[in-house]
Amino acid sequence: MIGKIRSDFESNLLAIVAATPWLLEVLAAVRAVGLPNCYVAAGAIRNTVWNALHGSPSEASFGDIDVVYFDPADAPNTAQHQLSAKFPQYTWDVANQATIHQWQSADAGRPISAYTSIESALASWPETATAIAVRMDGNGNIEFIAPFGLSDLFELKVRPNPHASNPAAFQARQLAKGWQKRWPRLRVVHGFG
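Residues numbered from 1 in each chain as written. Predicted model: local features only at pLDDT ≥ 70, side-chain atom pairs only at ≥ 80, totals over all residues. Heavy atoms only, no water.

Enquirer: Would you explain the nonpolar core in this entry?
Expert: Nonpolar side chains in soluble globular proteins tend to be buried together. Core analysis: the largest hydrophobic core is formed by 42 residues, its most contacted members being Leu-13, Val-40, Trp-50, Ile-65, Trp-92 and Leu-150. Broken down by element, this core gets its largest block of residues, seven residues, from helix α2 (residues 21–33). With near-sequence residues (within four places) excluded, Trp-92 lies in contact with Val-26, Val-30, Ile-65, Val-67, Gln-80, Leu-83, Ser-84 and Phe-87. One finds Ala-42, Ile-112, Ile-118 and Ala-133 within the second-largest nonpolar core, a separate group that totals 17 residues. (Core = buried A, V, L, I, M, F, W, Y, C linked by side-chain atoms within 4.5 Å. Buried < 20%, exposed > 50% of the residue type's maximum accessible area, 1.4 Å probe, protein only. Helix = DSSP H or I, 4+ residues; strand = E, 2+ residues; numbered from the N terminus. Contact = heavy atoms within 4.5 Å.)

Written as structure tokens, this is what we have:
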């Protein structure tokens, strides 16, 4: 879903991104590497929003910076090297979502079908609040994709994705990441509705 979300959440997301200088620099750098249908996603976005909602500044990325793109041709690229050279202080994870089903299949222990778009790949991620991607267009405007909307992100809900490629990953990630220690207002919610 691109831009078809409750306007208050959309406005808040755009305002938080615009008020985060390191993230704007990262978005511009990611745009400059020229990967097809390319976004910054996952923790870089989720954590920045959760920091803002908890009144904490987001002075730098916490963890790696996930860069997602969609290239069915799977052409070789040097984006990870370019980004690491420009911003060596960050750990970069650049992943072609057109091929991500291959490692997801191994991780889940069953075959996962190839995704048809960046949106369908994001819709397979373990948590709804993590399945959000942001990019800067050629005019400097911020765009986003959020297959589950922005409600869980802004309502501080950690909800497992019922369509995740590996449903067991949610529990493991929740324990390993320690989100509720860092952001105490988070609530774990199971199910939709």
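That was the structure; now back to the text.
Enquirer: Sorry if this is basic, but what is going on with helix α3 (residues 43–53) here?
Expert: Along α3, nine of the 11 residues are buried, which leaves the element largely enclosed by surrounding structure. Gly-55 lies just past α3 and shows a positive phi near 75 degrees.

Enquirer: How do you make sense of the packing of aromatic side chains when you look at a structure like this?
Expert: Within this structure, the stated rule accounts for seven aromatic pairs. Between Trp-50 and Trp-183, the ring centres sit 5.2 Å apart and the planes meet at 65 degrees, which makes this aromatic pair edge-to-face. Remark: Trp-183 occurs in the loop between α9 (179–182) and β7 (187–188) and Trp-50 occurs in helix α3; sequence separation between them is 133 residues. As far as the burial class goes, Trp-50 and Trp-183 line up, both buried. Summarising the aromatic geometry, the rings of Phe-87 and Tyr-90 are spaced 5.8 Å apart at their centres and angled 35 degrees between planes, so their arrangement reads as tilted. The pair formed by Phe-87 and Tyr-90 is uniform in burial state, with each residue classed as buried. (Phe/Tyr/Trp six-rings, centres within 6.5 Å; stacked < 30°, edge-to-face > 60°.)

Enquirer: Explanation requested: the pattern of salt bridges in the structure shown.
Expert: Should their charged atoms come close, side chains of opposite charge can pair. Taken as a whole and judged by the stated rule, the model has three salt bridges. The closest approach of N and O atoms between Arg-159 and Asp-152, which form a salt bridge, is 2.7 Å. Both residues of the pair, Arg-159 and Asp-152, count as buried. (Salt bridge = Lys/Arg side-chain N within 4 Å of Asp/Glu carboxyl O.)

Enquirer: Sorry, what's going on with the side chain of Asp-66 here?
Expert: If you trace the backbone, Asp-66 turns up in strand β2 (residues 65–69). Contacts of Asp-66, omitting those with residues within four sequence positions, involve Tyr-39, Val-40, Ala-41, Ala-42, Gly-43 and Asp-93.

Enquirer: Hey, could you run me through the packing of α2 against helix α4 (residues 79–86) in this one?
Expert: To characterise two packed helices, one gives the angle between the axes of the helices and the distance between these axes. Look at α2 against α4: their axes get within 10 Å of each other, and the N-to-C directions meet at 145 degrees. Crossing angle aside, the handedness with which α2 passes α4 is right-handed. For the pair formed by α2 and α4, the contact residues are Ala-29, Val-30 and Val-33 on the first element and Ala-79, Gln-82, Leu-83 and Lys-86 on the second. Residues of the contact of α2 with α4, tallied by class, amount to five nonpolar, one polar and one charged. (Axes fitted to C-alpha atoms, helices over the stretch in contact; angles between N-to-C directions. Left-handed = near helix turned anticlockwise from the far one by under 90°. Nonpolar A, V, L, I, M, F, W, Y, C, P; charged D, E, K, R; others polar.)

Enquirer: Help me understand unusual backbone geometry in this model?
Expert: Most peptide bonds take the trans configuration, and most residues that are not glycine carry a negative phi. Positioned with a positive phi, Asn-37 is a non-glycine residue whose angle comes to about 50 degrees. Within the secondary structure layout, Asn-37 lies in the loop between α2 and β1 (39–41).

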